[in-house]
Every structure is written in C-alpha cells, then in structure tokens.
Amino acid sequence: MGDAWKDYTPEYLKNMVDIYSKDKILHSFLTLDERLTLSYIKTDLAISQFSWSEREGSTACSAVIWDSEGLPFWSKDSNVQLTVANCGDCRAILCNTTDGGFAQSLSNSHRPSLHKEKSRIEKYGAIFSIDSYGEERAMSMVANTRAFGDWIVKPFGIIAEPEITSVSISGADAAFLVMASDGITDVLTDQEIVDIAKGSPTAEKAANLIYEAAEMLSSQDNMTVIVVRLAGWDSPDLIDLTGSFRKDRIKNSEEMKKFRGSLLTNIEKLENEYKEILSSQKSSHDSGPKPTALVSPDKLLYKIFSHKSHINKPFISSTNLKPPIFKPHTSSPQDLNKLSVRVIEQRLTALNAVLTLKLDGEEINIPNTDLTSLNSDEENDILPIDQAMKMSLNVLGKLDKTQPPPSTQKPKCKIQSASQIDLSKVESSFSNARIKYKSSNSFRSKSANLKYNILLSLDELKHAWKLLGISSVEYSSKN
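Residues numbered from 1 in each chain as written. Predicted model: local features only at pLDDT ≥ 70, side-chain atom pairs only at ≥ 80, totals over all residues. Heavy atoms only, no water.

**A short note on the packing of aromatic side chains**
Okay, step 1: With the rule as written, the count across this model stands at 4 aromatic pairs.
Okay, step 2: Measuring from centroid to centroid gives 5.0 Å for Phe-73 and Trp-74, while their planes differ by 85°, and the two rings are edge-to-face.
Okay, step 3: Take Phe-73: its relative accessible area is 25%, and that puts it in the partly exposed class.
Okay, step 4: Judged by relative accessible area, Trp-74 falls into the exposed class, the value being 52%.
Okay, step 5: Relative to Trp-233, the ring of Phe-176 has its centre 5.6 Å away and its plane inclined at 70°; by these criteria the two rings are edge-to-face. (Phe/Tyr/Trp six-rings, centres within 6.5 Å; stacked < 30°, edge-to-face > 60°. Buried < 20%, exposed > 50% of the residue type's maximum accessible area, 1.4 Å probe, protein only.)

Next up, the structure:
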C-alpha cells in the first residue's frame, strides 16, 4: 500500500484478526463483516490527519481465512471460511480445482465503469469524464469510487467502506488464492492469472511468474501480487486453459516493443540528422562566403552590355507598368550599343553584383547576410548600385543634363472679363487635370526619371568606374 500507509492499516486489521485467535473468545456483538468495515473506516479517518490525504489516495484488499475447528487452512481436512474485503481496484481471485481450475472472482474493481458504483455516486452529484488514456474518472480526478484518502472528493460519494464477499471451501476444492493490484489485472484476465500460477512449486514462484507476465505485457501501473496456497495446491486436475492465447499476446507485445524501439531509434536518428543540418547551415551562414579578391569590373560590364546575356529581359515592376510621364527617347544610330541607367541597374542587381571603393589589399567589411536586405544604417564597405550609377553620371557630367533649363520667357497672362469666361471649358479642363494627376501615380521627380533614361555606353561606364576606383568583389563560393 506504500510507505505512507503501511504504519496505519495493519494496526486496525491486526486488532480485528486477533479476536479470532484460538486463545480468545469473541465477546462483541459485532460480526466479522462489521469489524472489517469498521477497520477500513477507522484507517481512512487516521490517514485524514495528514495533509497529503486530501488529494492522494490508495486502495486495499484484505482476506481473512480460518478454520472453525482450528485446523491449518492448507490442510485437506479443513473446512475453510474465506472472507475478502475490497476497497478500490485490487482483485482477489480464487482458483478452484474443478473443471481444470476455473478462476472465481471474489471482488469487483470499484471504478465508474461499474454500473452499480456509478449509480451510487451519481446520487451525490458526481460527474464523470474520460482522460487521455481512455479511463473514466469521477470528478475529473479519481479513477476509483472507493479508496482511502482523496478527501477532497469524499462529499461526492468516494468512500472507504469495503465490499465484502465470503465463501466456504471444503478440503481441496480450491488450489490457491491470488490477490493482485491493478498493475496486474489491467493487462491479465482473472483466468490468465490463475493459469500462470498453476503447477508452480511454491507460492512465491507463482507470484513471480505472474509479475513477469504482466511486465512482458507492458504494464504501466504499480504491480503487487500475493499468492496464498490452499489445500488443493497439488491437484493434478489443474490445466493451463489460456496458455496458447497468452503466449500469442506476449509475442505480439514483444514485437510491438521492438517496433516502438526501432521507431524511437529512427526518430532519434532523424532528429540528430536534422540537428546536424541545422548546425551546418548555421555555421555556413555564420562564416558566410569570403571574398577572395578585388577584381576589375570590366568582366561584369561586358556581361551587362553583351547581346548574348540571359538577363536582357527587363524586370517587371510597378514602376514600368505605369504609363510613361514623359515622351519616349528616340534612339539614334549611335545609341544602339548603349543602355539606359535603369536597365544597367536592373542587370547589376540580377547578377548579384557587389561593388566597393576599397583598394586591393585593404580589409573589406562585407556583412554575412542577404545583400538585397542590407540595412542602410549598418557599417559596411559595399557601394550600393544606385549610388554607383549616380556617381558615374556625375563624373561623366551627365547628371546636370537631367535638370530642365530655366524658362526665359515670361508667362503670358490674358485677363478676361467674367462674361468672356466659358465655365464649361474651365470645369472640363480642371476635371482632365485631376484625372491626369490621379493616373500618373508616380512619386519620382522629373529629374529622377530623366536620370534613369540617360543612355551610357560600355566605354563610358568603364571610364567612369576607372576614375572612381570602383572594383568588383568576387567570392570563393557562389553567393
């Protein structure tokens, strides 16, 4: 019953049993059943003095065996009286010697699944639920409707009053008695339990065999089993009635254990592989691609201006989907080998070009991150592509051409009288201007758009980058 219970239960049971010793005469008006019930209730009251008994509980099964003539209960000439008191889900099972040794249950498991118990505690307003293991519980807390302790649910019909069963055994009519906790009875039937014990040389050996069988069937609860030898222990009529069925169950259980073990092994293996992948990715991300050298950007520029380039297809963006604000540029024969600033920037971005103003041999600060998501506030030596193009236009003297020349003509203003103004034309003109303003939906200034339309040749851009000292960064691995 556990360390917390052993110091209390035996005391009351011992006083009750001593009354029936041959040296004493019963001078009480209480029957045996009444004394057993009183001993269980007094035990429950004794444990209530401890704080842990409010939310913790335990069960018990007791057997009282005696012969009215004082003979040993294992004697073949005895006329044994057997009384079993059970409170909870422990079981008392008697193995008869008739018909090969059928199992006779002397107790019931006091659980909400037992109709009699469920009906009883429903009168106290108890509610029932099923936990994640499929086990029905009362008040969402206890699995037993009768138990010591569990005082928090005592008002809902959880009692320590035992259920008492009495039988008479003549001579060798019974071979043995088995008392087992729910860790045994949850995985073995009553008949399997007595069949395992049949043919054992001693009661202790029989108890060990029952325990081992429950363990092979993967019992998940505490396992306690007691075998009491009776007069028919050596009966030759005992037969293992569930042997083949039990062997199949144990075999299937062992195979399931192996399957679960291999499954867990595979899961652990996959988890370790996944951790290794994450670790390698993290280490490669932390180390990042290291630049091997600063090279001349001529090779990069040749790719951009090459007609065989795979990046001639322009990017589709919200900017070039909008109708042009200014008149399109008319290409001359000299402009056929030139590209606009917009196309050059798009192709540099598509090639993941990395530009810098650092000189060969100097330490370069390159962030270990995606170059398209760089934070402008971070300190690094990367020259943004748009800034490189702006510097190039400035060096070539083409940036000033994007500013429209100031108008020298004075605006003509003709004052009309109110009678000469056509209000319908004014309203139509205002409406057209408003529509044109809404349809433009551009946030770029006129000079900015003009800058993107400037055409540059390969030689011009090479000359500008040489004057500026712009270099291209090459990596040891593909970025």
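Read on for the rest.
**Things to note about a nonpolar patch on the surface**
Okay, step 1: Judged by side-chain polarity, Met-256, Phe-259, Leu-263, Leu-264 and Ile-267 come together as a nonpolar surface patch covering roughly 470 Å² of accessible area.
Okay, step 2: In this structure, Leu-264 sits in helix α7 (residues 243-287).
Okay, step 3: Given the relative accessible area of 51%, Leu-264 is considered exposed. (Patch = residues over 30% accessible without salt bridge, like charges linked within 9 Å, V, L, I, M, F, W, Y side chains within 5 Å. Areas by Shrake-Rupley, 256 points an atom, 1.4 Å probe, with all protein chains shown as cover. Salt bridge = Lys/Arg side-chain N within 4 Å of Asp/Glu carboxyl O. Helix = DSSP H or I, 4+ residues; strand = E, 2+ residues; numbered from the N terminus.)

**As for the sheet that holds strand β2 (residues 60-67)**
Okay, step 1: Spatially, 3 strands are ordered β2-β3-β9 in an open sheet, and the strand pairing comes out antiparallel. Every interior strand has two partners, whereas the edge strands, β2 and β9 (163-170), have only one. When the angles between neighbouring strand axes are averaged without regard to direction, this sheet yields 15°.
Okay, step 2: Contacts between helix α2 (residues 32-47) and the sheet are confined to β2, β3 (79-87) and β9, with β3 contributing the most and set at about 30° to the helix. (Pairing = 2+ DSSP bridges. Axes fitted to C-alpha atoms, helices over the stretch in contact; angles between N-to-C directions. Contact = heavy atoms within 4.5 Å.)

**Some thoughts on the pairing of strand β4 (residues 91-96)**
Okay, step 1: Among the 6 residues of β4, 6 are classified as buried, and the element is accordingly described as predominantly covered.
Okay, step 2: Of the two faces of β4, the one carrying Arg-91, Ile-93 and Cys-95 and the one carrying Ala-92, Leu-94 and Asn-96 are both buried.
Okay, step 3: By the bridge criterion, 6 bridges tie β4 to strand β10 (residues 174-180) in an arrangement that is antiparallel. By the bridge assignment, Ala-92 is partnered in β10 with Met-179.
Okay, step 4: In the sheet, β4 pairs with strand β5 (residues 103-105) via 3 bridges, with the strands oriented antiparallel. Within the sheet, the bridge partner assigned to Cys-95 lies in β5 and is Ala-103.
Okay, step 5: Taking the residues between adjacent antiparallel strands as the criterion, β4 and β5 are bridged by 6 residues, where Asp-99 takes a positive phi near 55°.

**Quick word on unusual backbone geometry**
Okay, step 1: Phi angles above zero are rare outside glycine, and Asp-99 is one such case at about 55°.
Okay, step 2: Considering the arrangement of structural elements, one finds Asp-99 in the loop between β4 and β5.
Okay, step 3: The exposure class assigned to Asp-99 is exposed, which follows from its relative accessible area of 61%.
Okay, step 4: Non-glycine residue Asp-150 carries a positive phi angle of around 50°.
Okay, step 5: On the secondary structure map, Asp-150 appears in the loop between β8 (148-149) and β9.

**Considering the environment of Phe-176**
Okay, step 1: Relative to the assigned elements, Phe-176 resides in strand β10.
Okay, step 2: Along the primary structure Phe-176 and Leu-94 are separated by 82 residues, whereas in three dimensions their C-alpha atoms are 6.2 Å apart.
Okay, step 3: When neighbours within four sequence positions are excluded, Phe-176 is seen to be in contact with Ile-93, Leu-94, Cys-95, Val-194, Ala-197, Lys-198, Val-227, Val-228, Arg-229, Leu-230 and Trp-233.

Remember that the coordinates give geometry; whether it matters functionally is a separate question.
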